[in-house]
Amino acid sequence: MEMSLLLVLGIGFLLGIKHALEPDHVIAVSTIASRSKKIWKSSLAGVFWGIGHTLTLLVFGVVLILLKDEIPEAWAMSLEFLVGIMLVYLGMTTIFSWKNAHEHDHFERNTYLKSMFIGVVHGLAGSAAMVLLTMSTIDFAWQGALYIIIFGVGTCLGMLLFTTILSIPFVTSASSKKTNRSLLRLTGVVSTVFGIYYMYNLGVNEQLFTIWFG
C-alpha cells in the first residue's frame, strides 16, 4: 500500500475522532448516556452510535462514489434539519424521563438500538460532506470504502472515549436522586435548545425554508 494512501487513511482516522466530538453528536448521545448507572453501558452506547454512523456513511458513500454523484444541496440540508428534530425529541424525552421510576434502570438492548439509530440519522446528515471529502482524497472506489471504514473506526473510538467521560457525573450522582434528576433535566434542556437553534440556523440563516417554500 502506497505511503500516500496510508497517510490519507491516518488523517481519516484522526478526522473520525474529531468528527465524533461535534456538538450535535455529543449532545445527542449524552441524552442516552445520562440514563445509565453503569459507565461501561454508556461507553457501549457510544460504540453503537459509531456503528450506525459508519454503516450509513459506508453504504451511501460507496454508492455515490461509484455513481460519481453528489447529494443535492436541498436534500443534504433537509437531512441536517432532521438532526435538529431528533435533538428536540431526545431532549424532551430526557427531560420527562425522570417521571418514570424505572427509566434509569432500563438500559438494555432497545437503548443500544436507539443509539445506533441516532448514529444512522447523523450518518445520513453527514453523508454529503463525507462523500465530497472522500472523493477529493482517493482514486478508486475500494479506497473510498476503506477510507470511510477507517474514518468510522475513528468516530467509534472518539465516541467511546467521550461517552465514558460523559457518563461519570451521572453514574457518581446516581445515589442522589435530586442531583441526578437535575443533571438529567439539564441534559434534556441543552439538547432541546440546541436542536431548536440547529433548525433555526438551517431554516433561516442557511435559507432552507426558502428552498422548501420559495
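This report concerns the structure included in the present document. Counting from 1, residues in each chain are numbered in the order their sequence is written. For a predicted model such as this one, the threshold for reporting local features is a pLDDT of at least 70, and the threshold for listing and counting side-chain atom pairs is 80 or more; totals across whole chains, interfaces and linings nevertheless cover every residue. As a rule here, side-chain values cover all heavy atoms of the structure and leave hydrogens and water aside.

1. A few points about the overall build of the protein
Within the protein one finds 8 helices and 0 strands. Secondary structure follows DSSP: runs of H or I at least 4 residues long count as helices, runs of E at least 2 residues long count as strands, and numbering of each begins at the N terminus. Taken from the N to the C terminus, the helices and strands of the protein come in the order α-α-α-α-α-α-α-α. Only the C-alpha atoms count toward the radius of gyration. The rule for a globule is 2.2 Å times the residue count to the power 0.38. The C-alpha atoms of the protein give 18 Å as radius of gyration, which agrees with the globular expectation for 214 residues (17 Å, within 12%). C-alpha atoms of the protein, sized along the principal axes, occupy 55 × 45 × 25 Å. We call a residue buried when its accessible area falls under 20% of the maximum for its residue type, exposed when it is over 50%, and partly exposed in between, using a 1.4 Å probe and counting protein chains only. The proportion of buried residues among the 214 residues of the protein is 46%. If you sum the accessible surface of the protein, you get close to 11,100 Å²; carbon and sulfur atoms cover 71% of it. Counting 13 positive and 12 negative side-chain charges, the protein places the averaged centre of each group 22 Å from the other. Each accessible area value is a Shrake-Rupley result obtained with a 1.4 Å probe; residue values ignore everything except the protein chains displayed when judging cover. None of His or the chain ends enter the tally, which takes Lys and Arg as positive and Asp and Glu as negative. Charged side chains are reduced to one point each, which is NZ for Lys, CZ for Arg, CG for Asp and CD for Glu.

2. Description of unusual backbone geometry
For Gln207, which is not glycine, the phi torsion reads 65° and is therefore positive. In this structure, Gln207 sits in the loop between helix H7 (177–205) and helix H8 (208–213). Relative accessible area serves as the criterion here: at 48%, Gln207 is assigned to the partly exposed category.

3. Comments concerning the packing of aromatic side chains
Two aromatic rings from Phe, Tyr or Trp, using only the six-membered ring of Trp, form a pair when their centres are within 6.5 Å; if the ring planes differ by under 30 degrees the pair is stacked, by over 60 it is edge-to-face, and anything between is tilted. Evaluated as defined, the whole model comprises 8 aromatic pairs. Pairing Phe194 with Tyr197 gives two aromatic rings, centres 6.2 Å apart and planes at 50°, and the pair type is tilted. With Phe194 and Tyr197 both in helix H7, this residue pair falls 3 residues apart, about one helical turn. For Tyr197, a relative accessible area of 48% puts it in the partly exposed group. Aromatic side chains Phe209 and Phe213 sit 6.5 Å apart centroid to centroid with 40° between the ring planes, which places their arrangement in the tilted category. Placement of the pair is Phe209 and Phe213 together in helix H8, with a separation of 4 residues, close to one helical turn. Ring-pair connections join several aromatic residues into one group, and the members of that group are Phe81, Phe209, Trp212 and Phe213.

4. Focus: the packing of helix H4 (residues 73–96) against H7
The contact between H4 and H7 brings their axes to 7 Å, and the two run at 155°. One way to sum up the angle between H4 and H7 is to call them roughly antiparallel. In the packing of H4 onto H7, the handedness of the crossing is left-handed. Side-chain classes are defined by residue name, with Ala, Val, Leu, Ile, Met, Phe, Trp, Tyr, Cys and Pro counting as nonpolar, Asp, Glu, Lys and Arg as charged, and the others, Gly among them, as polar. Residues belonging to the contact of H4 with H7 are distributed by class as follows: 16 nonpolar, 7 polar and 2 charged. Note on definitions: angles span 0 to 180 degrees between N-to-C directions of axes, and those axes are lines fitted to C-alpha atoms, for helices only across the stretch in contact. Any angle between 65 and 115 degrees counts as roughly perpendicular, while under 35 counts as roughly parallel, over 145 as roughly antiparallel, and the rest as oblique. Helix crossings fall into two classes, left-handed where the near helix is turned counterclockwise from the far one by less than a right angle and right-handed where it is turned clockwise.

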